[in-house]
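Fold and geometry: a report
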Amino acid sequence: MTSSAPSPPGARLAAVLKELKRRTGLSLAQLANATTFSKSSWERYLNGKSLPPRSAVKELCRLAGEPADHSLALLDIARTDRTDRTDHADHDAHADHADQAEDSGTTRGAPAARQRTGTRADTPTSALATAPPDTGRSETVPSDAGHIRTGPAGYRRATVLTALASVCAVVLGTLVLIHLPSPQRKQASPSPAAPPATGALCRHTACGNKDPLTMKCAADPLTLAEHETATGAWIQIRYSQECGASWARMWGASVDDRVEIRTGGRDGTFRGARVTSRGEADTYVHTPMSVVSPGTSVQACFSPAAGGGKECFETRADQAVFAP
């Protein structure tokens, strides 16, 4: 995220983070002392200027005494939205560059335009091709008065001085900590790490028709497939290898929109969820879990409240494409 106004998903995440900070009763400076992130970093996260790392969200939720699942889901949504915006911008920039190349004709016998493969690796490769070559040698500044020559000897002297400065800084820091009074030394010590997660609370058949957040199956799921509906809502088919179960989640929807998931074909298990409030429409809803095994077909369907046809898409439990 840039310093411009945050996207709608980023703004929702920032609002939730502000509420969590309010519950802690800490100022920005106190929040920085209680976590591993600086005051300026928290200022950016809380105002939607940049998306926080998952560890920052977890630390804030721990201090507020709240489960992190909901906030992490909002972070996933904001990251997905940012990725989509970046992909569209890269595609438009590449299209403009191709149009200019085609208008100017060929250069040195090369084709005027080349089809884009669709991978992000194309963009940095092109950038590297136009960068000036690196000679691998240090340039020598003319020996005018007041100038410093750069070369291997000067580089070695600078390296030695840098190493000596680093050693002195470490020694001074150690001496300061050793001679601090005991109350200050306790305050200077890092905050204790959050207790480790206990893991999923169900396995395979025991997860059937259970909530993935309550059962802690949504801690590190895979996204098997996703689909943007005609109304602009997004549907994802999620799968937990640890729990052996799958579910669907939906965001960007309207009140009374429905999402359904069916596993194992037409006669398989069916689960559903409906957006019941404005708060759920602003965040997301998810279905209960269905038990799946590798190779099981999984279908998700969207039914808009405004009417219109049902939109469905299908995948299999062994076709994980990416994780959040």
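Everything below is about the structure printed above this text.
Right, let's walk through the structure included here. (Residues numbered from 1 in each chain as written. Predicted model: local features only at pLDDT ≥ 70, side-chain atom pairs only at ≥ 80, totals over all residues. Heavy atoms only, no water.)

1. Considering the nonpolar core
Proteins that are soluble and globular tend to have nonpolar side chains buried together. In plain terms, the rule: To define a nonpolar core, start from buried Ala, Val, Leu, Ile, Met, Phe, Trp, Tyr and Cys residues and group those joined through side-chain atoms within 4.5 Å. When accessible area is computed with a 1.4 Å probe and restricted to protein chains, residues below 20% of their type maximum are described as buried, those above 50% as exposed, and intermediate ones as partly exposed. Secondary structure elements are defined from DSSP: runs of H or I of at least 4 residues count as helices, runs of E of at least 2 residues count as strands, and each element is numbered from the N terminus.
Of all hydrophobic cores here, the largest spans 22 residues; its most connected members are Ile235, Met250 and Val259. When contributions to this core are tallied by element, the ones reaching two or more residues are β1 (222-228), β2 (234-240), β3 (245-251), β4 (258-263) and β8 (297-303). Among the nonpolar cores identified, the runner-up in size contains 19 residues, and Leu13, Tyr45, Leu75 and Ala78 belong to it.

2. As for the environment of Pro67
Positionally, Pro67 belongs in the loop between α4 (54-64) and α5 (69-104). The exposed category is assigned to Pro67, whose relative accessible area is 60%.

3. Focus: unusual backbone geometry
Of all residues except glycine, most have a negative phi; of all peptide bonds, most are trans. With a phi angle near 65°, Asn209 is a residue other than glycine that sits in the positive phi range. For Asn209, the location among the structural elements is in the loop between α8 (182-188) and β1. Here Lys216, not a glycine, exhibits a phi torsion of approximately 60°, which is positive. Take Lys216: it is sitting in the loop between α8 and β1.

4. Brief notes about the packing of aromatic side chains
Quick reminder of the rule: Put simply, two rings from Phe, Tyr or Trp (the six-membered ring, in Trp's case) pair if the centres are within 6.5 Å, and we call them stacked under 30 degrees between planes, edge-to-face over 60, tilted for the rest. Here, over-ring charges are defined by two tests on the NZ atom of lysine or the CZ atom of arginine: distance to the ring centre within 6 Å, and angle to the ring normal within 35 degrees.
The tally for this structure, following the rule as stated, stands at 4 aromatic pairs. Ring geometry for Phe37 against Tyr45: centres 6.2 Å apart, planes inclined by 75°, an arrangement best described as edge-to-face. Note on accessibility: Phe37 and Tyr45 belong to one class, buried. For Tyr45, a relative accessible area of 8% translates into the label buried. Over the ring of Tyr284 we find Arg249, and its NZ or CZ is 5.9 Å from the ring centre.

5. A short note on the packing of helix α1 (residues 8-24) against α4
Note the following rule: Convention adopted: a line fitted to C-alpha atoms gives each axis, helices being fitted over their contacting stretch, and angles between N-to-C directions are expressed from 0 to 180 degrees. Roughly parallel covers angles under 35 degrees, roughly antiparallel covers those over 145, roughly perpendicular covers 65 to 115, and oblique covers all other angles. Here a crossing is taken to be left-handed if its near helix is turned anticlockwise relative to the far helix by less than a right angle, and right-handed if that turn runs clockwise. Contacts: residue pairs with any heavy atoms within 4.5 Å of one another. Here the nonpolar group is Ala, Val, Leu, Ile, Met, Phe, Trp, Tyr, Cys and Pro; Asp, Glu, Lys and Arg are the charged ones; every other residue, Gly included, is treated as polar.
At a minimum axis separation of 8 Å, α1 and α4 run at an interaxial angle of 40°. By the angle between their directions, the pair α1 and α4 is classed as oblique. By crossing handedness, the relation of α1 to α4 is classed as left-handed. Contacts between α1 and α4 involve Leu17, Leu20, Lys21, Arg23 and Thr24 from the first element and Val57, Leu60, Cys61, Leu63 and Ala64 from the second. Taken together, the residues of the contact of α1 with α4 break down into 7 nonpolar, 1 polar and 2 charged.

6. Some thoughts on the environment of Pro52
By the secondary structure assignment, Pro52 is in the loop between α3 (39-46) and α4. Residue Pro52 is classed as buried on the basis of its relative accessible area of 2%. With 11 residues separating them along the chain, Pro52 and Ser41 place their C-alpha atoms 8.3 Å apart. Excluding residues that lie within four positions of it along the chain, Pro52 makes contacts with Leu13, Leu17, Tyr45, Val57, Leu75 and Arg79.

7. Let's talk about the sheet that holds strand β5 (residues 269-274)
Heads up, the condition is: Between any two strands, at least two bridges found by DSSP are needed for them to pair.
Taken in spatial order, the 4 strands of this open sheet run β5-β4-β8-β9, and their pairing is antiparallel. Both outer strands of the open sheet, β5 and β9 (311-316), are each paired with one neighbouring strand and no more. Between one strand and the next, the sheet's axes are offset by a mean angle of 15°, whatever the strand orientation. Where β8 lies against β9, 6 bridges are found, and the strand directions are antiparallel. Directly across from Phe302, in β9, lies its bridge partner Glu311.

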